[in-house]
Amino acid sequence: MSKDLFSPVVLGSISLKNRIVMAPLTRNRAGEGGVPQAINATYYAQRASAGLIVTEATPISAMGHGYPALPGIYTDAQVAGWKKVTDAVHAKGGKIVIQLWHVGRISHPSLLPNQALPVAPSAIKPAGQAFTYQGLVDYVEPRALDASELPAIVQDYVHATKSAIAAGFDGVEIHAANGYLLDQFLRDGANHRTDQYGGSIENRARLLLEVTQAVVNVIGADKVGVRVSPVNPFNDMSDSNPQAVFNYVANALNQFNLAYLHAVEGGIHGGGKADPFDFSVFRKQFKGAYMANLSYDKKRGNQAVASGHADVVAYGVPYIANPDLVERFQQDAPLNEADSNTFYGGAEQGYTDYPALHG
Ligand code: 8OZ
């Protein structure tokens with residue numbers, strides 16, 4: 001029988017009851033100190049019929065923050081908060097991995113310890129404005145990281161992965177997409193380094209591969225995914241040859257036997273026009289499971305799975321508004337419309353109050 005979105009699948013060692021994934025979604029509703037609250041557990045548990053939930057992007061360190069009210073995964077209180085989330089999702093038969101995040105230059109001193117400058121591969125100020133507690137403020141020129149500082153950042157990923165295990169997650173996803181730190185190293189619009197972390201594609205991929213190796217050593221490759229966005233221009237990103245960079249990355253990641261590779265297959269967040277890119281060629285470089293994301297609906301999701309392009313499909317905006325997206329797809333029921341005014345920040349409204357078909 002041919003596969004569709006409702007067929008079970010195993011990603012690495014994570015068993016999914018269907019191939020519908022809740023994509024990572026930044027919602028800016030964590031408590032003081034980046035600690036997840038009961039409302040966050042309710043939100044994720046409402047969505048536990050997904051085959052897999054990828055949490056919102058979650059900073060691995062205080063320097064990894066770049067927006068208000070993000071949850072973290074590096075303090076004991078954050079681990080305890082996330083434990084309530086994973087318990088609530090598991091109680092409803094769901095699976096959940098946490099997306100590990102360092103924002104790099106997409107931040108502002110007001111969001112960082114001691115008003116520190118954001119860090120980046122190179123001292124290149126991104127165009128645009130940071131979301132701060134004081135409102136939108138121009139980005140600043142980040143401080144270029146010295147190569148000697150990178151092992152400590154890799155260690156922050158290690159610590160975050162240990163914290164994720166303690167918090168009861170089924171795995172982790174390394175966020176190497178959308179113009180944040182690891183993506184800043186990958187793409188040459190943001191990386192002008194002349195050391196072993198810049199210049200050639202091999203050098204620009206080095207930090208991602210070091211982070212992946214370190215995370216794999218902690219939790220096991222069969223519980224690790226990596227997310228990339230080869231042509232998303234969001235956060236002032238560009239590359240002179242994205243196909244070559246990301247074909248290399250997909251090939252290099254084969255060495256680990258990861259649970260999955262997750263790709264944003266175009267531009268998101270209104271960052272502008274995406275460069276041409278052949279995602280079918282890119283996907284074929286990778287020997288493991290592939291998670292596709294970007295404006296899929298039920299029909300195109302089923303086609304992607306049936307054709308073998310994707311093993312699983314991640315849905316973002318539809319999951320904001322439809323906690324029971326799986327049931328709605330199963331029944332061809334109409335979808336709730338998502339209200340973009342309540343995407344980022346706030347409380348229950350637009351977060352936990354979207355109705356399910358069956359109360
Ligand atoms: C939208 C707003 C803030 C952050 C991403 C973590 O694009 C994000 C993000 C998206 O990966």
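The rules we used
Residues numbered from 1 in each chain as written. Predicted model: local features only at pLDDT ≥ 70, side-chain atom pairs only at ≥ 80, totals over all residues. Heavy atoms only, no water. 1 Å grid on protein atoms, 1.4 Å probe; cavity = no way out; pocket = protein on both sides within 12 Å on 5 of 7 lines; lining within 4 Å. Points joined across faces, edges and corners; volume = space filled by probe spheres on them. Helix = DSSP H or I, 4+ residues; strand = E, 2+ residues; numbered from the N terminus. Nonpolar A, V, L, I, M, F, W, Y, C, P; charged D, E, K, R; others polar. Buried < 20%, exposed > 50% of the residue type's maximum accessible area, 1.4 Å probe, protein only. Pairing = 2+ DSSP bridges. Contact = heavy atoms within 4.5 Å. Salt bridge = Lys/Arg side-chain N within 4 Å of Asp/Glu carboxyl O. Axes fitted to C-alpha atoms, helices over the stretch in contact; angles between N-to-C directions. Left-handed = near helix turned anticlockwise from the far one by under 90°. Phe/Tyr/Trp six-rings, centres within 6.5 Å; stacked < 30°, edge-to-face > 60°. Lys NZ or Arg CZ within 6 Å of the ring centre and 35° of its normal.

Draft legend 1. Representation of the layout of surface pockets in the model. Estimated volume of the largest pocket: approximately 900 Å³. Lining the largest pocket we find 38 residues, and of these L25, F234, I268, H269 and Y344 sit closest to its centre. For the lining of the largest pocket, the elements supplying multiple residues, two or more each, are strand 4 (52-59), strand 5 (96-101), strand 7 (129-132), strand 14 (312-315) and helix 9 (317-321). No other element matches the three residues that helix 9 contributes to the lining of the largest pocket. A per-class count over the lining of the largest pocket returns 22 nonpolar, 13 polar and three charged. Size it by volume and the second largest pocket reaches roughly 240 Å³.

Draft legend 2. Molecular detail of the pairing of strand 10 (residues 171-176). Within strand 10, six of the six residues are buried, leaving the element largely enclosed by the surrounding structure. Both faces of strand 10 are covered, namely the face carrying G171, E173 and H175 and the face carrying V172, I174 and A176. Where strand 10 lies against strand 11 (residues 224-228), five bridges are found, and the strand directions are parallel. Along strand 11, the bridge assignment pairs I174 with V226.

Draft legend 3. Representation of the environment of P126 in the model. For P126, the position within the fold is in the loop between strand 6 (119-120) and strand 7. Separated by 13 residues in the primary sequence, P126 and Y139 have C-alpha atoms spaced 6.4 Å apart. Here P126 is in contact with R105, I106, Y139, V140, N235 and D236, once residues within four sequence places are set aside.

Draft legend 4. Expanded view of the pattern of salt bridges. Following the criterion strictly, the structure yields nine salt bridges and no others. In this structure, the salt-bridge partner of R204 is D188, at a minimum N-O distance of 3.9 Å. Of the two residues, R204 sits in helix 5 (residues 201-219) while D188 sits in the loop between helix 4 (181-186) and helix 5, which places them 16 residues apart along the sequence. Judged by relative accessible area, D188 falls into the partly exposed class, the value being 22%. Linking R328 and D324 is a salt bridge whose minimum nitrogen-to-oxygen distance equals 2.7 Å.

Draft legend 5. Just unusual backbone geometry, in detail. One non-glycine residue, N28, lies in positive phi territory at about 55°. Considering the arrangement of structural elements, one finds N28 in the loop between strand 3 (20-22) and helix 1 (38-46). For N28, a relative accessible area of 10% translates into the label buried. The backbone of A69 shows a phi angle near 55°, a positive value even though the residue is not glycine. One can find A69 in the loop between strand 4 and helix 2 (76-91).

Draft legend 6. Looking closely at the packing of helix 3 (residues 150-166) against helix 5. At a minimum axis separation of 9 Å, helix 3 and helix 5 run at an interaxial angle of 35°. Of the two possible hands of crossing, helix 3 and helix 5 adopt the one that is right-handed. On helix 5, the residues that touch L150, V154, Y157, V158, T161, K162 and I165 of helix 3 are L207, E210, V211, A214, V215, V218 and I219. Classifying every residue of the contact of helix 3 with helix 5 gives 11 nonpolar, one polar and two charged.

Draft legend 7. Local environment of the packing of aromatic side chains. Inspection of every chain in the model, using the stated rule, returns 15 aromatic pairs. With centroids separated by 6.0 Å and ring planes inclined at 35°, the aromatic side chains of Y67 and F131 adopt a geometry described as tilted. Pair noted here: Y67 is in the loop between strand 4 and helix 2 and F131 is in strand 7, with a separation of 64 residues, a long-range link. Within the aromatic cluster, the residues linked to one another by ring pairs are Y43, Y44, W82, F169 and Y351. Taking the ring centre of Y296 as reference, the NZ or CZ of R300 above it sits at 4.6 Å.

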